[in-house]
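The primary structure of each chain is shown beneath.
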Protein chains: 2
Amino acid sequence: MLSAPHLSVADFLHACKAITGEQYVLSAAEDKQVFESEWRGRMRGDALAVVLPSDTAQVAAIVKLCRKANIAIVPQGGNTGLVLGSIPTAPQTAIILSTRRLNRIRAVDADSNTMIAEAGCTLAAVQQAATDVDRLFPLSLASEGSCTIGGNLSTNAGGTAVLRYGNTRDLCLGLEVVTADGEVISQLHGLRKDNTGYDLKQWFIGAEGTLGIITAAVLKLHPQPRTRCTALLAVSSPENALQILRLAGTCFGPALTTFELISGVCTELVLQHIPGTRQVFPQQHPYQILLEVSDFHPASHTLALWENFEQELMQADLILDGALAGSVAQANDFWKLRESISEAQAKAGRNLKHDISVPVGRIPAFIAETGALLAAACPGAQVVCFGHMGDGNLHFNVNTQQVDRQVNPEALDDTAVSRLIHDQVHRFGGSFSAEHGVGAMKRDDMLRYKSETELSMMRAVKQALDPAGIMNPGKIL
Amino acid sequence: MLSAPHLSVADFLHACKAITGEQYVLSAAEDKQVFESEWRGRMRGDALAVVLPSDTAQVAAIVKLCRKANIAIVPQGGNTGLVLGSIPTAPQTAIILSTRRLNRIRAVDADSNTMIAEAGCTLAAVQQAATDVDRLFPLSLASEGSCTIGGNLSTNAGGTAVLRYGNTRDLCLGLEVVTADGEVISQLHGLRKDNTGYDLKQWFIGAEGTLGIITAAVLKLHPQPRTRCTALLAVSSPENALQILRLAGTCFGPALTTFELISGVCTELVLQHIPGTRQVFPQQHPYQILLEVSDFHPASHTLALWENFEQELMQADLILDGALAGSVAQANDFWKLRESISEAQAKAGRNLKHDISVPVGRIPAFIAETGALLAAACPGAQVVCFGHMGDGNLHFNVNTQQVDRQVNPEALDDTAVSRLIHDQVHRFGGSFSAEHGVGAMKRDDMLRYKSETELSMMRAVKQALDPAGIMNPGKIL
């Protein structure tokens, strides 16, 4: 089973336990299960053991041991990913290295607007630690209670405030990393400017654990906004949504924080499947926009901007209906509509996820053209389209359960549906993975849509930094 | 002379000319001189020729030719660098590849807040193209009339607005690059979110031309601020400056754009050497702060914030004097004081530049301790300290011309002075090159202050992406 025959499985596990303590090496099937399984239950990988080190030194020791035994390592944070990135999928013998116990907030510095958090801290814990010192850590996504900052960094997570604050990459000032050799690189000084050679952190952010293991990070904090305006706008088309996005950019400038598009299908799914949600408008509309403005300035100022925006909206006749949240509770209701879409979709049955981005101005054409192609090639397929329109990122999901293959024997199968959509994305100059990453699931897309030069450069760097190929094999490349 | 003996120098130059046209391959000494010389005249490198391709295809062809002939390539933009990064310094035979003719703005998209600019566009041209569509490209530095965006990207330039907008890396959404193999990677779609494998642009930004040649970039544009408040504040100490920085952060939040510290010595040098500058305050003060707030909102709002800030300043008794610019002309006067320091210093005689950063909160201690150490070890050395305090970056320069080595034979020599300062920076958890890069000048510092693991990872990636070692040899590593 092991390719280093001088170290038996028993010896290897014994050595792991000597590093972490007996109870932090799980090798019984029932203990491993939750770590080995994709959270939606779509797949289970096979790990020799799940190892839970408690600090960076233990991580380094485990990596050195694995290197010696030629055992692969699948780093895992909250295991909330959507592309099979955090469970074993390759034929090599592998352990799962869970960062769960690396969960300390090492330092919070409100003066410097920085925080040092260990990889296993949940995103919610990081947000809370920032709030505690009257600062904002702006990364926000549906899984924030479970996902970890190490996973967010390794996948360069996006979420709902990218428009204003950027992706996770933009929120990181430095990393502590255990390399594939088991060496520790520590760049945790939190400098805003440092041009001393190649910026190593950039290599590990978004690398999905294939080059090394992020164990801690210096995160950028932002001032806590004093005011939030949250609104739901009903519109007839993505074209109008695009015009509203432009108008909002002009009216609010950098204060425009969130601009989410929600198709009528999504709203219906949520109302049907999620208890406690309610229709905001008297009738169903083709699309809704969840728009949020957050401002450092007092509410009076933001409301004045808002009134101006509203007037311009009316004059341009861009909306069918609209509601500005009058209370935090109402704002939360609006957000619940948006945040429940994935769950509602899951309850409605299996769907094909497409986490795509295109240049913002091309979103209306993309939705129209792709919808028409799909309707022709796969009659009955239902498009469930929503997402972060402000930064060009749509979740262009498709439910094919109503496709009647007896009536339409030529209807595309699921793989071909995804292919059609990703080909469209490519034609529109977009990305087949805007924020979820590649994992094991989109490797074929890498081969199809990346140039040979891009792929060979990625392979060269992977080979240079992980020559033994033990870091999360079978992911990305 | 050439290590590929089958291609003579004459053949090589002939082949270059076939690619670019005769007049764009300069091989006469007098034609090459301006390209071969560091702009302050401190050094001249030796290039076989200066080649000026006009487009990306020509760059790629030149790189393929150099690879075949085993001739090194020193990419050069505006040649305004301060660390000998853009002239030949290594023993290999090299050409200078000037990007000067790659100077088209390919596209400006105000809707998407993006611009595609070729590497040889000056920073000023990029700024102007943004202004033309009522947008801001916020990168700003003293050499903006001459430096190029390709050079800014390759050195991850900083400047005076990093506090609000980040470094050049933060202003780039995608690159077009010619690799060391002469292949073209084009990632110019301007997506805000794209997690399809390793983010290749990050490898080339800040790599100082050692991994490939940036030929074009998608740049992020920002809304044009409607209001600017520019003030000069006189303070007694860096401690008070730090307290003011904190207060400004609280009062202005993200609108705080510039926070520059200027020591009294700098002001004196400027007033003495730069015609048209004048003393703002009736008397000289130990330090001045140039503070700028820029806001998307109307002036009335910003002025209200400013009044509040002023009141708090007074209550805390933090300033000795202060002036808020009453006109654009006055604001320009304040900026001229700041922007003329380097020139004044040059006129005052040779000085040792130290482009350092430390965590912001440690700046007062760094200045005090390092000044005391220097005074003891090198009596007569004059510290000329100024810079971007808001992001922790100081130009802690030293003039040693008044050191009387007959009276103080043990006084440190220039190399030892720089060593002392960089050792201090290291002790304070700082960077020996905050925004200027490494070039040929700070390679020894890399060896001294970077860990062996960091260096070996950088070398591994260099080897992986430029196995023949033809890209800007002798720089960084």
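Residues numbered from 1 in each chain as written. Chains lettered and ligands numbered in written order. Predicted model: local features only at pLDDT ≥ 70, side-chain atom pairs only at ≥ 80, totals over all residues. Heavy atoms only, no water.

K.L.:
I tried to follow the relation of the copies chain B and chain A on my own but got confused; where do I start?
P.N.:
The two chain copies are related to each other by a rotation about an axis together with a translation along it. Rotating chain B by 180 degrees about the axis while translating it 0.0 Å along that axis superimposes it on chain A, leaving an RMSD of 0.0 Å. With respect to symmetry, the two chain copies, as superposed, fit the operation of a two-fold axis. The fraction of interface residues of chain B whose copies in chain A are also interface residues reaches 100%, indicating that both copies meet through the same surface. (Least-squares fit on C-alpha atoms with pLDDT ≥ 70 in both. Contact = heavy atoms within 4.5 Å.)

K.L.:
What is the right way to read helix 9 (residues 264–273) of chain B from this model?
P.N.:
Along an α-helix, residues three or four apart share an orientation, since each turn contains 3.6 residues. Taken together, the buried positions of helix 9 of chain B are Gly264, Cys266, Thr267, Leu269 and Val270 of chain B. Taken together, the buried residues of helix 9 of chain B touch strand 13 (256–263), strand 14 (287–295), helix 11 (328–339), helix 12 (341–347) and strand 17 (382–388) of chain B. (Buried < 20%, exposed > 50% of the residue type's maximum accessible area, 1.4 Å probe, protein only. Helix = DSSP H or I, 4+ residues; strand = E, 2+ residues; numbered from the N terminus.)

K.L.:
Which parts of the structure should I look at to understand the sheet that holds strand 4 (residues 94–98) of chain A?
P.N.:
To summarise the sheet geometry, strands pair through backbone hydrogen bonds and adopt either a parallel or an antiparallel arrangement. Pairing within the open sheet is mixed, and its four strands lie in the order 1-2-4-3 (chain A). Each edge of the open sheet carries a strand with a single partner, namely strand 1 (25–26) and strand 3 (72–76) of chain A. (Pairing = 2+ DSSP bridges.)

K.L.:
In this structure, what is going on with the domain arrangement of chain A? I would like to understand it.
P.N.:
Interfaces are often described in size by the accessible area the parts lose on coming together. All names here are of chain A. Structurally, chain A comprises domain 1 (105–223), domain 2 (227–342) and domain 3 (349–436). Centre-to-centre separation of domain 2 and domain 3, based on C-alpha positions: 24 Å. Taken together, the contact pairs 17 residues of domain 2 with 16 residues of domain 3. Surface buried jointly by domain 2 and domain 3 totals about 1,300 Å² across both partners, of which 68% is contributed by carbon and sulfur atoms. If you sort the residues of domain 2 by the area they bury against domain 3, Leu242, Leu261 and Val265 come out on top, with a joint share of 32%. Counting across the domain 2 and domain 3 interface gives zero salt bridges. Joining domain 2 to domain 3, the criterion identifies five residue pairs in polar contact (both at pLDDT 80 or more). (Domains from an automatic or database assignment. Buried area = accessible area lost by both parts, 1.4 Å probe. Salt bridge = Lys/Arg side-chain N within 4 Å of Asp/Glu carboxyl O. Polar contact = N/O pair within 3.5 Å; in protein donor to acceptor, adjacent residues only side chain to side chain.)

K.L.:
What exactly am I supposed to notice about the side chain of Glu38 of chain A here?
P.N.:
All names here are of chain A. Positionally, Glu38 belongs in the loop between helix 2 (29–36) and strand 2 (49–51). A distance of 2.7 Å separates polar atoms of two side chains, one belonging to Glu38 and the other to Arg40. With residues up to four places along the chain from it excluded, the contact list for Glu38 reads Met43, Gly81, Leu84 and Ile87.

K.L.:
Where do I start with the UniProt feature "domain: FAD-binding PCMH-type" (unreviewed entry) in chain A in this structure?
P.N.:
Following the UniProt record, the feature "domain: FAD-binding PCMH-type" (unreviewed entry) maps to residues 43–224 of chain A here. Across residues 43–224 of chain A one finds 21% helix and 26% strand; the C-alpha atoms that close the span lie 40 Å apart. (UniProt positions renumbered as here; feature names shortened; annotations may be inferred.)

K.L.:
Please explain helix 1 (residues 9–20) of chain A as it appears in this structure.
P.N.:
Residues and elements named next belong to chain A. Here helix 1 spans 17 Å end to end across twelve residues, near enough to the 16 Å set by a 1.5 Å rise per residue. Taken residue by residue, helix 1 has Phe12, Leu13, Cys16 and Thr20 as its buried positions. For helix 1, the buried positions fall inside an angular range of 95 degrees around the axis, keeping them on one side. Opposite its buried face, helix 1 presents the exposed residues Ala10, His14 and Ala18, each directed more than 90 degrees away. Among the structural elements, strand 1, strand 2, helix 3 (56–69) and strand 4 are those in contact with the buried residues of helix 1. In the segment just after helix 1, Gly21 is the residue with positive phi, at about 95 degrees. (Expected span 1.5 Å × (residues − 1). Arc of directions from axis to C-beta.)

K.L.:
Explain the environment of Ala60 of chain A here, please?
P.N.:
Residue and element names in this part refer to chain A. Here Ala60 lies in helix 3. On the basis of relative accessibility, which here comes to 8%, the residue Ala60 falls in the buried class. Expressed as a C-alpha distance, the spacing of Ala60 and Asp181, which sit 121 residues apart in the sequence, is 8.3 Å. Once residues lying within four places of it in the same chain are set aside, the contact partners of Ala60 are Val178, Gly182 and Val184.

K.L.:
For this particular structure, what's the right way to read the interface of chain B and chain A?
P.N.:
If you look at the interface, chain B gives 77 residues, while chain A gives 77 residues. Taken over both partners, the interface formed by chain B and chain A buries close to 5,900 Å², and the fraction arising from carbon and sulfur atoms is 60%. Looking at the side of chain B facing chain A, the largest losses of area belong to Lys193, Asn195 and Tyr198 of chain B, adding up to 17% of the total buried there. Applying the counting rule to chain B against chain A returns eight salt bridges. A salt bridge links Glu435 of chain A to Lys193 of chain B; the shortest N-O distance between them is 2.8 Å. Those elements that provide at least two residues to the side of chain B that touches chain A are helix 6 (162–165), helix 7 (200–204), helix 8 (238–252), helix 10 (299–315) and helix 16 (452–465) of chain B. For the side of chain B that touches chain A, the leading source of residues is helix 16 of chain B, giving nine residues. Taken together, the residues of the side of chain B that touches chain A break down into 30 nonpolar, 30 polar and 17 charged. (Nonpolar A, V, L, I, M, F, W, Y, C, P; charged D, E, K, R; others polar.)

K.L.:
Got a minute to help me understand the pattern of salt bridges in this structure?
P.N.:
When the charged atoms of two side chains with opposite charge come close together, those side chains can pair. All names here are of chain A. For the structure on display, the rule yields 46 salt bridges over all chains. The salt bridge involving Arg228 is made with Glu292; its shortest N-O contact spans 3.4 Å. Note that Arg228 is positioned in strand 12 (residues 227–235) and Glu292 in strand 14 (residues 287–295), a separation of 64 residues in sequence. Taking the relative accessible area as the measure of exposure, Arg228 reaches 47% and is therefore partly exposed.

K.L.:
Which parts of the structure should I look at to understand the state of the cysteines?
P.N.:
Note on terminology: disulfide describes a covalent bond linking the sulfur atoms of two cysteines. All names here are of chain B. Summed over all chains, the structure comprises zero disulfides over all chains. Cys66 takes part in no disulfide bond, and the closest cysteine sulfur, belonging to Cys16, lies 5.8 Å away. Assessed through its relative accessible area of 0%, Cys66 is described here as buried. With no disulfide of its own, Cys172 has Cys121 as its nearest cysteine by sulfur position, at a separation of 13 Å. (Disulfide = S-S within 2.5 Å.)

K.L.:
Just checking my understanding: could you explain unusual backbone geometry for this structure?
P.N.:
Negative phi values dominate among residues other than glycine, just as trans dominates among peptide bonds. All names here are of chain B. Positive phi, close to 55 degrees, is recorded for Asn79, a residue that is not glycine. Here Asn79 is to be found in the loop between strand 3 (72–76) and strand 4 (94–98). A relative accessible area of 8% places Asn79 in the buried class. Even without a glycine there, the phi angle at Asn156 is positive, about 45 degrees. Residue placement: Asn156 occurs in the loop between helix 5 (149–154) and helix 6. The class for Asn156 is buried, based on a relative accessible area of 6%.

K.L.:
Whenever I open this one, the side chain of Thr215 of chain A confuses me. Can you help?
P.N.:
Residue and element names in this part refer to chain A. Along the polypeptide, Thr215 turns up in strand 10 (residues 212–220). You can call Thr215 buried: its relative accessible area is 0%. Setting aside its immediate chain neighbours within four residues, Thr215 contacts Thr56, Val59, Leu102, Glu118, Ala119, Glu176, Val177 and Val178.

K.L.:
Which parts of the structure should I look at to understand the packing of aromatic side chains?
P.N.:
Here the distance between the centres and the angle between the planes together describe a pair of aromatic rings. Tallied over the full model, the rule gives 14 aromatic pairs over all chains. Where Phe366 of chain A meets Phe428 of chain A, the ring centres are 5.4 Å apart and the plane angle is 90 degrees; that geometry is what we call edge-to-face. Of the two residues, Phe366 of chain A is situated in helix 13 (residues 363–377) and Phe428 of chain A in the loop between helix 14 (414–427) and helix 15 (443–449); the sequence distance between them amounts to 62 residues. Judged on exposure class, the residue Phe366 of chain A and its partner Phe428 of chain A are both buried. Linked through ring pairs, Phe252, Trp306 and Phe309 of chain A together constitute an aromatic cluster. In this arrangement the basic side chain of Arg40 of chain B is found over the ring face of Trp39 of chain B, its NZ or CZ atom lying 5.8 Å from the centre. (Phe/Tyr/Trp six-rings, centres within 6.5 Å; stacked < 30°, edge-to-face > 60°. Lys NZ or Arg CZ within 6 Å of the ring centre and 35° of its normal.)

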